[in-house]
Amino acid sequence: MAVTAQIDSTHPVATLINVFTVSPDRQSELLTLLARATEETMKHQPGFVCANFHASQDGERVVNYAQWESEEHYRAMLANPEARVHMDEAATIATDVQPRLFRVRSTHGTGAR
């Protein structure tokens, strides 16, 4: 079964969109680290819903789209030393890290999959 983000404006979750700027020769390294960190640590944190990683075609960005049950759950993860180790390591690979929390305000689609 595939794990997917549930993008639904009626279901309140804290949505993290984190944009990493990275040298193209290190994009794969960052993606590997983020996937490992998620499997080993993040998905075991209270309130974790899902994480998705997107690699830009030019190799210069990685976008992490993650969901937490609440902002409080997200903030608790940030304070967790085990999670911090992974975030600090990612910051040594990326040249810039831009995490922001968002709320889904609307969704649009054809309904077709």
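Note that the structure is a prediction, hence the values are computed from the model and not measured.

A.B. asks: Quick question: what am I supposed to make of the pattern of salt bridges here?
C.D. replies: Close approach of charged atoms lets side chains of opposite charge pair. Considering all chains together, one arrives at 5 salt bridges under this definition. Where E89 meets R36, a salt bridge forms, and the shortest distance between an N and an O atom there is 3.8 Å. With E89 in helix α3 (residues 81-93) and R36 in helix α1 (residues 27-40), the pair connects residues that are 53 residues apart, well separated along the chain. On the accessibility criterion, E89 (34% relative accessible area) is partly exposed. For R36, a relative accessible area of 35% gives the class partly exposed.

A.B. asks: Is there a simple way to explain the pairing of strand β2 (residues 48-55) in this structure?
C.D. replies: Each regular strand displays side chains that alternate between the two surfaces of the sheet. Where β2 and strand β3 (residues 61-68) come together, 7 bridges link them in antiparallel fashion. Looking across to β3, one finds that A55 is bridged to V62. Joining the antiparallel neighbours β2 and β3 is a turn of 5 residues, in which G59 adopts a positive phi near 80°.

Calculation criteria
Residues numbered from 1 in each chain as written. Predicted model: local features only at pLDDT ≥ 70, side-chain atom pairs only at ≥ 80, totals over all residues. Heavy atoms only, no water. Salt bridge = Lys/Arg side-chain N within 4 Å of Asp/Glu carboxyl O. Helix = DSSP H or I, 4+ residues; strand = E, 2+ residues; numbered from the N terminus. Buried < 20%, exposed > 50% of the residue type's maximum accessible area, 1.4 Å probe, protein only. Pairing = 2+ DSSP bridges.

Keep in mind these numbers describe shape, not what the thing actually does.
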